[in-house]
Structure formats: C-alpha cells, structure tokens
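Here are the chains, one letter per residue:
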Amino acid sequence: MTMPATDTERPVGRNPALAFTLTPSNEAQAPPESRGVERDGVRLLVSAGEARPTSTVFHEISRFLRAGDALVVNTSSTVAAALDGRLPGGDPVAVHLSGELPGGLELVEVRTPAQGATVPRRIERAIDVALLHGGTVHLLAPFGSSERLWVAALDLPTPLHAYLAAHGRPIRYRHVAHDWPLAAYQTVFGRVAGSAEMPSASRPFTDHLVTELSVHGVGVLPILLHTGVSSLEGDEAPYPERYAVSDTTAASINATRARGGRVIAVGTTVVRALATTTDARGEAHPGSGWTEAFVTADTPVPSVDGLLTGWHEPESTHLQMLRAFASRDALEAAYGAALDLGYLWHEFGDSHLILPAERA
C-alpha cells in the first residue's frame, strides 16, 4: 500500500528484491516546486544499519542528525552544458559537455534528438561537430572502452562559460518532459560553475534549513567536484571528474571524527572526492585534480560515516557505492520501501539518508 505524500513519518516495510524496474509513476518528471512542493518538502527515507527504514520529509532531517555531526557538501554549480550542432552529413545532434580533462580537453557525449529528448548517438570515427551558434567540437578519440563518451577539443568563438551562458541549456533526459531554466538545476551550496549535471543530493536544502542545522550544532563543510553526465545506458564505471578538497575542510573532517561526530557526505560526488584524499588510517587530506575513484563495499571511505543521496537506477554503478555504507539487506529494505511508498527518482526526486547503525 502506498503512503500518501502528506504523511510526515511512519515506519516502512521491506521488499526482499533489490532488482527493480522504474515506471513513470516513480520518476520525478519536473521540479517539486512545479507541483506545489517546496524544495525541502520532498520525501526522505532514513536508513540506519539493519533497523527498519523511516519515511519522513526532508525538512525534518535535523531530527536524525546530532550536534557535532558534519555534512560535507559540493559547492559546484551547474552550467548549461547541452549544445546543438550538426554532424558532417547534416544530421542534427546535441552535444553534452561532461567536464574538462587534463590538457584542456573535454569529455563529451553526442546524442540524437528523439521524441522531445535525446538518445545516445554512436559515433564510429573521429569527426568534427559544427555547433549551430559558431564553433566546432573536434571528436578526437573514444574515451577508454566507452561507446558513447569521446575525448574532444573545443574551438569556440568566446570563452567556454560565456558561450554556454549564451547558447547552452541544461542537460535533460526523457524522464523530464520539457526544458526548465538553469535555476531549477542549482543548489543552495553552488558557488563555482562547472557541473554538467546538478549535484542533486543537495537540491532539497534551503537557506532556512541550513540555518536550522547550524543552530542544531551540525556543521557544513565544502568540497568541490564538477559532475559529468550521468545518462548511464548500462553498467559503466565512473570516469574522471575534477575535484578540490581544501586544507580547512580536511582538518574539520578529521576534527569532527576525533570528537565522535559523524561525517555525512551529501551526494556520491562528495564520496568520490573524499575517497581520493583519505588515507588508509581514515585521515582526510587536502588535494585537487581529477578523481577516478570507484567506491564499493570492498573499498569504503573511512573518513565518511554516512551518505545523503537520491535514488539510483537498477543499472547504476552508484548502487555499488551505496554498499560501502549499508548492507545488501538494508538496501533491499530501503529500495523496497521507497518503491512501495511511491518515492520519486532522478534529479527532482526524493532523498535517502544512510546512517551508521546506532551503538548499543
């Protein structure tokens, strides 16, 4: 039985199967504000060890955190990373920029317009894509074994961010029915432009909620990671993303854990950054560059105790990352409950807070 969205809290049950199929009824097809729900009014499922998960609303998150805990947030803001172009034969395409690579190159995905959205376009050889507003994307080589991502050089008439601001639009997939302004894809923590897609785990936060958390004694620590495209078409390993962890944040993470506080990563992007800068003893260090970290149950991040995230597709490698924070049984319980209760997936959807088990 599905719980009405107006309920604020009740224990929820368990579905034994983690394998699942998303239907349109479980997909957030527009920002919650468009249906009269505030950003922090989306639903939140809280998991802690093997205890039954609890369903509540996001603005109640402080009830599950303690004074002395710290949230680590991503300060990257979203850019309008989708550009229109044409292949040499004239076919229209969308080029999704997925972030800067070392040497000034770019990781890109070429997609074909289809039914109001786009689908991946297989490119067989190195070619040039002519952008409709001037400039060229030189596709140089496939990225590793990927069949959809290419290493590219951009030849633009203006600096990249100015060009995107003038001619780009936010990346959108078919579960979202039509375009939304770039503001819908920003978070309250965004300060440095660079993410191809929104670091969506932090979307439900509001200025008021951040203030409430501060009064409650919960710290907010910044890192930076520019997210790439997330349109997984199969089991794909993570690719390089640019990050930076400051001296201050690293020191604050270590101090939080030394005092007995819990460090909660807000988003899988934060986990990847800290996985790259945490040593085997669990000490966080400053650092910057490109992370290729692939976090799983076998490679946990000892500086991070919990994770606030969205709901991930069945084929997503993010589910493997979640196993670093929760057992398979706990994830089966959480995902079964979320499906039973009508939780919403994707960037405009509901949230999942995974906390460590409470000590007796």
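Anything mentioned here points back to the structure above.
Residues numbered from 1 in each chain as written. Predicted model: local features only at pLDDT ≥ 70, side-chain atom pairs only at ≥ 80, totals over all residues. Heavy atoms only, no water.

### Topic: the overall build of the protein
And step 1. The helix and strand inventory of the protein stands at six helices and 19 strands.
And step 2. Relative to the compact-globule value of 21 Å for 360 residues, the protein shows a C-alpha radius of gyration of 20 Å, a close match.
And step 3. C-alpha atoms of the protein, sized along the principal axes, occupy 65 × 45 × 35 Å.
And step 4. Among the 360 residues that make up the protein, the fraction classed as buried is 52%.
And step 5. For the protein, long-range pairs separated by at least 24 residues make up 72% of all intrachain contacts whose partners lie at least 6 apart in sequence.
And step 6. Roughly 15400 Å² of accessible area belongs to the protein as shown, and the carbon and sulfur atoms make up 52% of that amount.
And step 7. The average position of the 28 basic charges and that of the 40 acidic charges among the side chains of the protein differ by 2 Å. (Helix = DSSP H or I, 4+ residues; strand = E, 2+ residues; numbered from the N terminus. Rg over C-alpha atoms; globule rule 2.2 N^0.38 Å. Buried < 20%, exposed > 50% of the residue type's maximum accessible area, 1.4 Å probe, protein only. Contact = heavy atoms within 4.5 Å. Areas by Shrake-Rupley, 256 points an atom, 1.4 Å probe, with all protein chains shown as cover. Lys, Arg positive; Asp, Glu negative; His and termini not counted. Charge placed at Lys NZ, Arg CZ, Asp CG, Glu CD.)

### Section: the pairing of strand β3 (residues 54-57)
And step 1. With burial as the criterion, each face of β3 is covered, one bearing Thr-54 and Thr-56 and the other bearing Ser-55 and Val-57.
And step 2. Across four bridges, strand β2 (residues 43-48) lies against β3 in antiparallel orientation. When the bridges of β3 are listed, Leu-44 appears paired with Thr-56.
And step 3. The loop that links β2 with its antiparallel partner β3 comprises five residues; one of these, Gly-49, has a positive phi angle of about 60 degrees. (Pairing = 2+ DSSP bridges.)

### Some points on the packing of aromatic side chains
And step 1. One pass over the full model with this rule turns up nine aromatic pairs.
And step 2. Look at Phe-58 and Phe-205: their rings are 5.0 Å apart centre to centre, the planes differ by 90 degrees, and that puts the pair in the edge-to-face class. With Phe-58 in the loop between β3 and β4 (70-74) and Phe-205 in the loop between β13 (192-195) and α2 (207-215), the pair connects residues that are 147 residues apart, well separated along the chain. Side by side, Phe-58 and Phe-205 carry an identical accessibility label, which is buried.
And step 3. Ring geometry for Tyr-335 and Trp-345: centres 6.0 Å apart, planes at 70 degrees, overall edge-to-face. Remark: Trp-345 occurs in the loop between α6 (328-340) and β19 (351-355) and Tyr-335 occurs in helix α6; sequence separation between them is ten residues.
And step 4. A relative accessible area of 1% places Tyr-335 in the buried class.
And step 5. One aromatic cluster is present, formed by Phe-20, Trp-311, Tyr-335, Tyr-343 and Trp-345 through successive ring pairs. (Phe/Tyr/Trp six-rings, centres within 6.5 Å; stacked < 30°, edge-to-face > 60°.)

### What to know about the layout of surface pockets
And step 1. Looking at the second largest pocket, its volume works out to about 290 Å³.
And step 2. Lining the second largest pocket are 20 residues, and of these Gly-99, Glu-100, Glu-106, Leu-160 and Gly-194 lie nearest its centre.
And step 3. For the lining of the second largest pocket, the secondary structure elements donating two or more residues are β7 (92-100), α1 (160-167), β13 and β15 (241-245).
And step 4. Among the elements that take part in the lining of the second largest pocket, β7 stands out by supplying four residues, more than any other.
And step 5. The residue makeup of the lining of the second largest pocket, split by class, is ten nonpolar, six polar and four charged. (1 Å grid on protein atoms, 1.4 Å probe; cavity = no way out; pocket = protein on both sides within 12 Å on 5 of 7 lines; lining within 4 Å. Points joined across faces, edges and corners; volume = space filled by probe spheres on them. Nonpolar A, V, L, I, M, F, W, Y, C, P; charged D, E, K, R; others polar.)

### Considerations on the side chain of Ser-77
And step 1. Here Ser-77 shows up in strand β5 (residues 76-78).
And step 2. Once residues within four sequence positions are removed from consideration, Ser-77 is found in contact with Gln-186, Gly-190, Arg-191, Val-192, Ala-193, Gly-194 and Ser-195.

### Structural notes on the environment of Arg-323
And step 1. Relative to the helices and strands, Arg-323 is located in the loop between α5 (318-322) and α6.
And step 2. Residue Arg-323 is classed as partly exposed on the basis of its relative accessible area of 34%.
And step 3. For the pair Arg-323 and Val-295, spaced 28 residues apart in sequence, the C-alpha to C-alpha distance is 8.7 Å.
And step 4. With residues up to four places along the chain from it excluded, the contact list for Arg-323 reads Ala-297, Arg-328 and Leu-331.
And step 5. Among the polar contacts made by the side chain of Arg-323, one reaches the main-chain carbonyl oxygen of Ala-326 at a distance of 3.1 Å. (Polar contact = N/O pair within 3.5 Å; in protein donor to acceptor, adjacent residues only side chain to side chain.)

### Considerations on helix α3 (residues 247-258)
And step 1. Between its first and last C-alpha, α3 extends 17 Å over twelve residues, near the 16 Å set by a 1.5 Å rise per residue.
And step 2. Thr-249, Ala-250, Ile-253, Asn-254 and Thr-256 are the residues of α3 that are buried. Take α3 and look down its axis: the buried residues cluster within an arc of 160 degrees, on one side only. Residues of α3 that are exposed and point over 90 degrees away from its buried face: Asp-247, Thr-248 and Ala-258.
And step 3. The elements touched by buried residues of α3 are β4, β14 (219-225), β15, β16 (263-266) and α4 (268-277). (Expected span 1.5 Å × (residues − 1). Arc of directions from axis to C-beta.)

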